[in-house]
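# Structural overview for review
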Amino acid sequence: MQVEITHRPSYAHLVVELATGETIVAEPGAMVSHSPSVSIETGSSGDGLLGTASSMLGGESAFANEFTAEGESGTVTLSPPTPGDIHHHELNGETLYAVDGAYLASDPDIDIDSDFGGLESMLSGASLTPLALNGTGSVFIETFGGIETIDLDHGESYVVDNDHVVAWESSVEFDARRVGGLASTVLSGEGLVMEFTGPGTVWYQTRGLDTFTESIVEAMPGTGEDDGGGFNIEF
């Protein structure tokens, strides 16, 4: 399998060259195009596909698509639903945690499951149940906006807004909490944050989908703080 990520960082596009018999698994709706030799099979559990119960807990679809080059080599292209980048990560018998909706695609040998570590963040009020990506092979993580990498030494900590967290290595410890007290949470415009402690690597996105959506809603006529918003047109 040969891969290339084009149109980075704003409109990343994943080009996958499959040899005969090779397969890549992707989230539903990710496919942009493919060669006639590439077949598509949709599954809902096991066999390298997203497990139904675990994927719903992790915020992913209960289904995933398998793209396989049959008879001859072929190409499939994939992209995230929002403008942003794609991170290519190689696993070697390791685990990578990814937040809700961050999974784009992977080798079929990668096991994708929800992990009980997510209960810690849920109990902390983060409403996050990370997917655990286990095994050996390629994993592709999508981001809204650009992607930044934080390498943490042993005992070193770093805080990331909950809406910007994308993924982290299993060696990294994490905790979810609010920004200060209730007043600080309300007045600062910040809500929940994740504090990560090394050793290991954390990835975050430069834009938050929730805050972006809120800004769009507030800019729409009649939905902002000014009740007099909108248009008055007289004929």
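Every value quoted in this text rests on a predicted model; they were computed, and no experiment measured them.

## Considerations on the overall build of the chain
Broken down by element type, the chain carries four helices and 17 strands. Buried positions account for 46% of the 235 residues belonging to the chain. Sequence-distant contacts, at least 24 apart, represent 75% of the contacts inside the chain between residues at least 6 apart. Accessible area for the chain stands at about 12,200 Å²; split by element, carbon and sulfur atoms hold 51% of it.

## Notes on the nonpolar core
Residues L96, L133, I141, W168 and F196 are the most contacted members of the largest nonpolar core, which totals 32 residues. Every element with two or more residues in this core is listed here: β8 (86-98), β11 (131-142), β12 (147-152), β14 (165-169), β15 (173-178), β16 (192-197) and β17 (200-205). Counting residues in hydrophobic clusters, the runner-up holds 17 residues, among them L14, A69, V76 and A105.

## Points about the pattern of salt bridges
Scanning the entire structure with this criterion turns up two salt bridges. A salt bridge links D85 to R8, with the shortest nitrogen-to-oxygen separation between them at 2.8 Å. Residue D85 is found in the loop between β7 (74-78) and β8, and its partner R8 is found in the loop between β1 (2-6) and β2 (13-18); the two are separated by 77 residues along the sequence. You can call D85 buried: its relative accessible area is 6%. For R8, a relative accessible area of 45% gives the class partly exposed.

## Quick notes on the packing of aromatic side chains
Applying the stated criterion across every chain yields a total of three aromatic pairs. Taken together, a centroid distance of 5.1 Å and an interplanar angle of 55° make the contact between W168 and F174 tilted. With relative accessibility at 1%, the residue W168 sits in the buried group. Residue classification places F174 among the buried positions, given a relative accessible area of 13%. Ring geometry for W168 against F196: centres 5.3 Å apart, planes inclined by 50°, an arrangement best described as tilted. One end of the pair, W168, is in strand β14; the other, F196, is in strand β16, and 28 residues separate them in sequence. Ring pairs connect the aromatic residues Y97, W168, F174 and F196, which therefore count as one cluster.

## A look at the confidence of the model for the chain
For the chain, per-residue confidence averages 81 on the pLDDT scale, and 73% of positions sit at 70 or higher. Residue range residues 45-60 is modelled with pLDDT below 50. Its contacts to residues more than four positions away, or to other chains, number 49 contacts. Contacts of residues 182-189 to residues separated by more than four positions or lying in other chains number nine contacts, the stretch itself having pLDDT below 50.

## Topic: the sheet that holds β2
Read across the open sheet, the four strands follow the order β1-β2-β7-β4; overall the sheet is antiparallel. Two strands close off the open sheet at either side, each with one partner strand: β1 and β4 (31-34). Pairwise comparison of adjacent strand axes, ignoring direction, gives a mean angle of 20° for this sheet. Inspection of the sheet shows β1 paired to β2 by five bridges, in the antiparallel sense. In the strand pairing of β2, E4 is matched with V15.

## Brief notes about the sheet that holds strand β13 (residues 157-161)
Across the sheet, which stays open at both edges, the three strands sit in the order β13-β16-β15 with antiparallel pairing between neighbours. Taken across any chain shown, the strands that pair with only one partner, and hence form the sheet edges, are β13 and β15. Pairwise comparison of adjacent strand axes, ignoring direction, gives a mean angle of 25° for this sheet. Bridge count between β15 and β16: six bridges; the pairing is antiparallel. Looking at the pairing, D175 lines up with E195 of β16.

Definitions and limits used
- Residues numbered from 1 in each chain as written.
- Predicted model: local features only at pLDDT ≥ 70, side-chain atom pairs only at ≥ 80, totals over all residues.
- Heavy atoms only, no water.
- Helix = DSSP H or I, 4+ residues; strand = E, 2+ residues; numbered from the N terminus.
- Buried < 20%, exposed > 50% of the residue type's maximum accessible area, 1.4 Å probe, protein only.
- Contact = heavy atoms within 4.5 Å.
- Areas by Shrake-Rupley, 256 points an atom, 1.4 Å probe, with all protein chains shown as cover.
- Core = buried A, V, L, I, M, F, W, Y, C linked by side-chain atoms within 4.5 Å.
- Salt bridge = Lys/Arg side-chain N within 4 Å of Asp/Glu carboxyl O.
- Phe/Tyr/Trp six-rings, centres within 6.5 Å; stacked < 30°, edge-to-face > 60°.
- pLDDT = per-residue confidence, 0-100.
- Pairing = 2+ DSSP bridges.
- Axes fitted to C-alpha atoms, helices over the stretch in contact; angles between N-to-C directions.

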